[in-house]
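Architecture and fold: a report
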Amino acid sequence: MKILALDSSGLVAGVALIEDDVLVAEYSTNYKKTHSQTLLPMLDEIRKMVELDLHTLDAIAVSAGPGSFTGLRIGAGTAKGLGLVLHIPLIAVPTVDALAMNLYASEKLICPMMDARRSQVYTGLYEFRRDNASYRLCAPLAQCALPVAELAERINGLGREVIFLGDGVPVYREELERQIKVPYSFAPASCNRQRAASVAVLGSEYMREGKTVSADDFAPEYLRMSQAERTRMEADRAERERMRAGITPHSVQETKA
């Protein structure tokens, strides 16, 4: 089974290729360029480096959200385009689950954190449970958007040692250090950001379980509305309130006259 994985959900852009549970290639960048500038060139570089025939792929795993709205759309557009051209299915991998997969087999409670702004993080709480000769990723708290204070309260309530990772850690590290009452640590640079390889590993598990979607039907999972959507909703609500109060643009002009 050969799976190509894409991740552009956060600050990191990544492409990975796995075949029969072997990581064949991975390319990641965490730099100032937009993912629209990096994702396809990275894919093309891997294609040339390992002499990949895209038509031999069985599926494309893509980080499906939450995350950066723009980044998710770039990843989704790239994956959908490839899926349609190659006539292969897509595998939607939850972004926060894939982040937790970076710490495979950890005995600690795992807490990925992505900066969602507005004093919130995209997060979840994960643990690995032994399943015969391997470990299965479980989520005591599935991925969601939470204020950091509420997340800290939930972690303290579980009373377990926790390890944090993700781009939300440097943003909220001081707040975590003030509020977390259980033993904690922070993942090192080698595994504290998104990795397309982790998306590929989870993607291969999902494919074996039949969890695929057609390129036509795939859509990112944002968890929250975008800033533009919130602004439009607030404007619509303000307009409805003005109408209920009998205030219209025409009446305003009459008042000014």
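Structure: see above.
From a predicted model like this one, the values you see are computed outputs, not experimental measurements.

**A few points about the sheet that holds strand E7 (residues 120–131)**
An order of E8-E7-E6-E9-E10 is seen for the five strands of this open sheet, with the pairing classed as mixed. Single-partner strands in this sheet number two, and they are strand E8 (134–147) and strand E10 (184–186). Each adjacent strand pair in this sheet contributes to an overall mean axis angle of 25°, direction not counted. As judged from the five bridges shared by strand E6 (residues 109–117) and E7, these two strands associate in the antiparallel manner. Bridging from a neighbouring strand, Met114 pairs with Tyr122 of E7. Most of the contacts of helix H5 (residues 168–179) go to E6, to which it runs at about 110°, and overall it touches E6, E7, strand E9 (162–165) and E10.

**A short note on the pairing of E8**
Of the strand pairs in this sheet, E7 and E8 are connected by ten bridges, and their pairing is antiparallel. Bridged to Arg130 within E8 is Tyr135. Between the antiparallel neighbours E7 and E8 lie two residues, among them Asn132 with a positive phi of about 60°.

**Structural notes on the pattern of salt bridges**
When the charged atoms of two side chains with opposite charge come close together, those side chains can pair. In the structure shown here, the tally under the stated rule is ten salt bridges. Between Arg47 and Asp44 there is a salt bridge, with the nearest N and O atoms lying 2.8 Å from each other. You can see Arg47 and its partner Asp44 sitting in helix H1 (residues 35–49), three residues apart, about one turn around the helix. With relative accessibility at 30%, the residue Asp44 sits in the partly exposed group. With a closest N to O distance of 3.2 Å, Glu177 and Arg173 form a salt bridge. Linking Glu177 with Arg173, this pair stays in helix H5, spanning four residues, or about one helical turn. Classification of Glu177 as partly exposed rests on a relative accessible area of 38%. Take Arg173: its relative accessible area is 37%, and that puts it in the partly exposed class. Linked by salt bridges that have partners in common, Asp44, Arg47 and Lys48 make up one network.

**Focus on the sheet that holds strand E4 (residues 59–63)**
Sheet architecture is open: five strands sit in the order E3-E2-E1-E4-E5, paired in mixed fashion. Looking along the sheet, the strands with just one partner apiece sit at the ends: strand E3 (22–29) and strand E5 (90–93). Averaged over all pairs of adjacent strands, the angle between their axes in this sheet comes to 15°, without regard to strand direction. When strand E2 (residues 13–19) meets E3, the two strands line up antiparallel, connected through seven bridges. Counted as the bridge partner of Gly14 is Ser28 from E3. Sheet strands in contact with H1 are strand E1 (2–7), E2 and E3, and its direction is about 25° off that of E2. Contacts between helix H6 (residues 196–208) and the sheet are confined to E1, E2, E3, E4 and E5, with E1 contributing the most and set at about 130° to the helix.

**Things to note about the packing of helix H4 (residues 148–158) against H5**
As a packed pair, H4 and H5 sit with axes 10 Å apart at the nearest point and diverge in direction by 40°. Between H4 and H5, the angle falls in the class oblique. Every pair of crossing elements has a handedness; the one defined by H4 and H5 is right-handed. Residues Val148, Ala149, Ala152 and Asn156 of H4 touch H5, and the partners they reach there are Tyr172, Glu175, Leu176 and Gln179. In the contact of H4 with H5, the residues fall into five nonpolar, two polar and one charged.

**Side note on the environment of Asn102**
Mapped onto the elements, Asn102 comes out in the loop between helix H3 (95–101) and E6. Beyond its immediate sequence surroundings of up to four residues, Asn102 is in contact with Leu165, Cys191, Arg193, Arg195 and Ser198.

**Examining the environment of Asp21**
Position of Asp21 among the secondary structure elements: in the loop between E2 and E3. Through-space distance from the C-alpha of Asp21 to that of Ser204 is 7.9 Å; in sequence the pair is 183 residues apart. Not counting residues within four places of it along the chain, the set of residues in contact with Asp21 comprises Ser204 and Arg208.

Parameters at a glance
- Residues numbered from 1 in each chain as written.
- Predicted model: local features only at pLDDT ≥ 70, side-chain atom pairs only at ≥ 80, totals over all residues.
- Heavy atoms only, no water.
- Pairing = 2+ DSSP bridges.
- Helix = DSSP H or I, 4+ residues; strand = E, 2+ residues; numbered from the N terminus.
- Axes fitted to C-alpha atoms, helices over the stretch in contact; angles between N-to-C directions.
- Contact = heavy atoms within 4.5 Å.
- Salt bridge = Lys/Arg side-chain N within 4 Å of Asp/Glu carboxyl O.
- Buried < 20%, exposed > 50% of the residue type's maximum accessible area, 1.4 Å probe, protein only.
- Parallel < 35°, antiparallel > 145°, perpendicular 65-115°, else oblique.
- Left-handed = near helix turned anticlockwise from the far one by under 90°.
- Nonpolar A, V, L, I, M, F, W, Y, C, P; charged D, E, K, R; others polar.

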